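Structural description and commentary
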Amino acid sequence: MTEPLSFQGMILKLHDYWSQRGCLILQPYDMRMGAGTFHTATTLRALGPEPWNAAFVQPCRRPTDGRYGENPNRLQHYYQYQVILKPSPADLQELYLGSLAAIGIDFTRHDIRFVEDDWESPTLGAWGLGWEVWCDGMEVTQFTYFQQMGGFDCKPVAGELTYGLERLAMYIQNKDSVYDLAYNDAGVTYGDVFLENERQMSKYNFEVADTDTLFEGFRKAMAECENCLSNNVPIAAYEQAIEASHLFNLLQARGVISVAERQAYIGRVRDLAKGSCEAYIEHMTPDWQAKYPEWSL
Amino acid sequence: MSDFLLELRSEEIPARMQDKAREDLARLFAAELDKAGLKAAELVTYATPRRLALIARDLPTQTAAVSVELKGPPADAPDAAIDGFLRKAGLTRDALETRDVKGRATLFAVIDRPGRATADVLAEAIPAVIRAFPWPKSMRWGEASLSTESQRWVRPLQGIVALFGDDVVECEVAGIRSGAATVGHRFHHPGVITIGSAADYVEKLRACHVIVDQNERRATIAVGAKMAANMAGLTLIEDEGLLIENAGLTEWPVPLLGRFDEAFLDVPPEVIQLTARVNQKYFVCNDADGRLANAFVCTANIDAADGGDKIVEGNQKVLAARLSDARFFYETDLKVPLEEQAKKLEKIVFHEKLGTVANKIERVAKLARWLVEEGAIRLPAGEGRGPLASASGKGEGDPASTDRPHPSAPAALPPSPDRRGKLADQAERAARLAKADLVTGMVGEFPELQGLMGGYYAAAQGEDAAVAEAIRDHYKPVGQGDDVPTAPVTVAVSLADKLDTISAFFAVGLPPSGSKDPFALRRAALGVLALITGNQLRFDLGKLLQLATMWLRSTGHDLTGFQQATGDFFADRLKVQQREARIRHDLIDAVFALGGEDDLVRLLSRVHALQAFMATDDGANLLAGYKRAANILKKEGGVPVAAGTNTAPEPAEAALIAALDEATPKAQAAVEAERFADAMAALATLRAPIDAFFEHVTVNDADPAKRAARLALLARMRDAVHAVADFSKIEG
């Protein structure tokens, strides 16, 4: 058996695989966000009639999942690999399985299952049907057919694949701790790269972050989103929704949002995201209809 | 005659939807056949994760020819009316017949529909069934989804096999053309296979590693999992739901035994079982001593090249990570006293009109204490009653038993004040801690462990065993058939919790209505009834409900109608509960109609005696006599004001008077003593005299005095019967 892929080797392999299948290979969005789905290449591009095929790595921030580098499975910062294919191709499952084979999963020795898991993002006003994909009982990918985004029907439907890169790598490399992962083939581990980040950032998220600044930032993001919407720059407005969402997550980690307030904050973020999607659709509709006369909202 | 095979192949269908989908497929398909006058000798359905299939046996190749006759307008009707009729019938004017209808020339269309090829019927039925399919959740996909009108299915539809006999039934749905080709197991046999006919479908797929029949897959898993456990010297803990789910996730199920670190067995077994079952869909096993073993059985969907070693290894890792999460929660939770956790409930809103969970707990704690102090809770035999009393504990739970405490004396012998005082303290303590586990990490992760975890934490933190038990079991009974708690502290807390919920929501105007019961008050009421009847608790429910809302009164809530509404609600629930025990609802009504009965135990024991009585000849005939008497009284306008007694009664009349003189006090005394069977027996003695009375005596005598006296006698009989129940409510 050949040497398993390193963490970076796995990413390069996925880039190569999806690039050969017609995907644009994009770079991460340069903002802090909780999931790859927030990337405009997913959220905004899932709207409208134009075909769109893209793959990218997105760093994700989940402040409440931080464990000061002490838990082998939990991180406040980790990577998702996202593939978005619109309209969803008829052989999406086969394409996906091909990608698993490409990174070294042997289907004669492993048990791959598609287990019902319907995806919903209250903050994005989005939902879809699909599965979590299990490999020997471990969830390695979220597989979703988007039905709505920002509260609007997806026309056409996009297929979204979200691979948990660290989990997949731990699986392929047979490691019990994320920090022991081979980052490259020259002896550098994931821990060498990120352990200190996890320690410091966990401390920051849970103990240090100035809550007044965070609350102030949240209010400013809301106001700036409004400003952008009234000036018809919906992509800029959407960035403020991303910002507000992350600040809300930080406030949660600091434990300063009560149970009762929580829903109200989620509602505010959702309004920003939905408002941005709505404005984006409005802004783009003339272009879309010029190219796809049969398309309408 | 030929068999028809339909396979609808799709991406993975959620396991939980497959059984219903098979039913829907059979139902919709049978309806389509029926429209064409066809009926299959048998409809068989199959479901796997990737296919939904149906075989209809012995369909004729042609449908029967039918002649349909349509009546049209009169022959002299305006042209517009006749043209309309022609369009409807699809005929021309010269094809119509003219017939005489009641002297008027009327047009008739006779349409002969020749038999159709069944294949054509099927070609139309398939798209119709697919379009009408009621998936609980469905989706759009692919290029067609540019329109929201595109075909929906549970997951993308990928192929249709439609064979009638050996021939393909041609049709197209969502851009998919029917054919004879399908695929085998996703990894064992990914290539295309061609099905010859319904006859070889199951076996061809089996050869390609697909067991089409869900029952066969379930059996394979059941047997395989059991054997895997047995070979390791263990016993599988069977779980029907898990069996069905795993069969719904696999086309070629292979049960495999895995292990986890014994150190995890420190975590409560329920937690391990739940983690394994809910998150990973694994079975768990017991060891030879009946304790949870450090083993699990997962169901792979493949015959792995290495016999499953890698698969087991992978699954073991996943479970280990899950269990270390669970252990982390457990150990973290153990460090925080429940009393501390309970403080966090001040921040959790119970309901906007009813304050926080902490507010609720305050009320429940007071109520639980009161229930014990007021003697509403029975103490177990042998505790506080002395050894002599416990020896006579026969007849517990038997409604007809006379060995039952009187309402004013809840236990056979009053326990010492100390004993009751201690119980009251324990009930209050348990109530105050009962909901504290809601804010623990473990219950946050597994809400279904509420109560149970609280019980573990309480015991580990040194609470009394009775308190820990009450915390653990205070949600019980959860449904009909669930265990009903009997430990006094548990009964007090469970009752108090449910009574508070019910009375609080009623008091703020949020009772259940129709199919809506968002706060599960009906279930809570059934729980209350089960606790009362199961433990033979003697107290006034109406008074208790009033008491449970004292706090609301002081906050100015309007409680008009509360008593009536809760009374009706409980009466209704009681009927639902007793229906399970096959008790007639009309008999419950008959006892309720007497009014003023708030002691449910007494009420039910009366109902039970009544039901036993009604099953006898005496009972049925007494009821007939009663109804006859009541009818006469109704028809004659009741008893005249000046009615006296007959000075010269006829023999049958005298006999009835004598029987009433004897039976009435007996029945009343028996009722007072709650010997309801004896009361019924006393009434039974009236049956013969009443029958004789109606046979030999004319009520409507010419002499107004005689008539009045006889009506009065009938009224007396009616009233005597009413001492036991209002017979007018009894059906039959």
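Look up: the structure comes first, before these words.
Quick caveat, the model's predicted, so the values are computed rather than measured. (Residues numbered from 1 in each chain as written. Chains lettered and ligands numbered in written order. Predicted model: local features only at pLDDT ≥ 70, side-chain atom pairs only at ≥ 80, totals over all residues. Heavy atoms only, no water.)

Mapped onto the fold, D726 of chain B is located in the segment after α27 (704–722). In this structure, D726 of chain B is buried with no salt-bridge partner, the nearest side chain bearing the opposite charge being K729 of chain B at 5.0 Å. (Helix = DSSP H or I, 4+ residues; strand = E, 2+ residues; numbered from the N terminus. Buried < 20%, exposed > 50% of the residue type's maximum accessible area, 1.4 Å probe, protein only. Lys, Arg positive; Asp, Glu negative; His and termini not counted. Salt bridge = Lys/Arg side-chain N within 4 Å of Asp/Glu carboxyl O.)

Turning next to the sheet that holds strand β14 (residues 254–259) of chain B. All names here are of chain B. Read from one edge of the open sheet, 4 strands run β13-β15-β16-β14, paired in antiparallel fashion. Only two strands of the sheet have a single partner each, and these edge strands are β13 (235–236) and β14. Here β14 pairs with strand β16 (residues 292–300) via 6 bridges, running antiparallel. For V254, the partnering residue across the bridge sits in β16 and is A300. The strands touched by helix α8 (residues 309–335) are β14 and β16; relative to β14, the strand with the most contacts, the crossing angle is about 55°. (Pairing = 2+ DSSP bridges. Contact = heavy atoms within 4.5 Å. Axes fitted to C-alpha atoms, helices over the stretch in contact; angles between N-to-C directions.)

All right, on to the sheet that holds strand β4 (residues 66–74) of chain B then. All names here are of chain B. Spatially, 3 strands are ordered β4-β6-β5 in an open sheet, and the strand pairing comes out antiparallel. If you trace the sheet from one side to the other, it starts and ends with β4 and β5 (97–101), each paired once. Each adjacent strand pair in this sheet contributes to an overall mean axis angle of 35°, direction not counted. Running over the sheet, helix α2 (residues 79–89) touches β4 and β6 (104–113) and is turned about 170° from β4.

All names here are of chain B. Enumeration over the complete set of coordinates arrives at 67 salt bridges over all chains. The salt bridge partner of E203 is R206, with a shortest N-O separation of 3.0 Å. Placement of the pair is E203 and R206 together in helix α4 (residues 198–207), with a separation of 3 residues, close to one helical turn. Through salt bridges with shared partners, a single network forms among E362, R369, E373, D425, E428 and R432.

Bringing a nonpolar patch on the surface into the picture now. A cluster of nonpolar side chains, V223, M227 and M231 of chain B, forms an exposed patch at the surface whose accessible area comes to about 350 Å². One can find V223 of chain B in helix α5 (residues 214–231). (Patch = residues over 30% accessible without salt bridge, like charges linked within 9 Å, V, L, I, M, F, W, Y side chains within 5 Å. Areas by Shrake-Rupley, 256 points an atom, 1.4 Å probe, with all protein chains shown as cover.)

This paragraph deals with the interface of chain A and chain B. In this complex, chain A contributes 42 residues to the contact, which on the side of chain B involves 46 residues. Overall, the association of chain A and chain B removes approximately 3,600 Å² of surface from exposure, summing both partners, and the carbon and sulfur fraction of that is 53%. Ranking the residues of chain A by area buried against chain B places R109, R113 and E116 of chain A at the top, with a combined share of 15%. For the interface between chain A and chain B, the tally reads 6 salt bridges. Going through the elements one at a time, α2 (92–102), β4 (112–116), β6 (126–135) and β7 (138–149) of chain A are the ones with two or more residues in the side of chain A that touches chain B. Among the residues making up the side of chain A that touches chain B, the classes are represented as 19 nonpolar, 10 polar and 13 charged. (Buried area = accessible area lost by both parts, 1.4 Å probe. Nonpolar A, V, L, I, M, F, W, Y, C, P; charged D, E, K, R; others polar.)

Looking now at the packing of helix α14 (residues 452–460) of chain B against helix α15 (residues 465–473) of chain B. All names here are of chain B. Closest axis-to-axis distance for the α14/α15 pair is 6 Å, and the angle between their directions is 165°. For the element pair α14 / α15, the angle class is roughly antiparallel. The interaxial crossing formed by α14 with α15 has right-handed handedness. Contact residues: α14 offers L452, G454, G455, A458 and A459, while α15 offers A468, I471 and R472. (Parallel < 35°, antiparallel > 145°, perpendicular 65-115°, else oblique. Left-handed = near helix turned anticlockwise from the far one by under 90°.)

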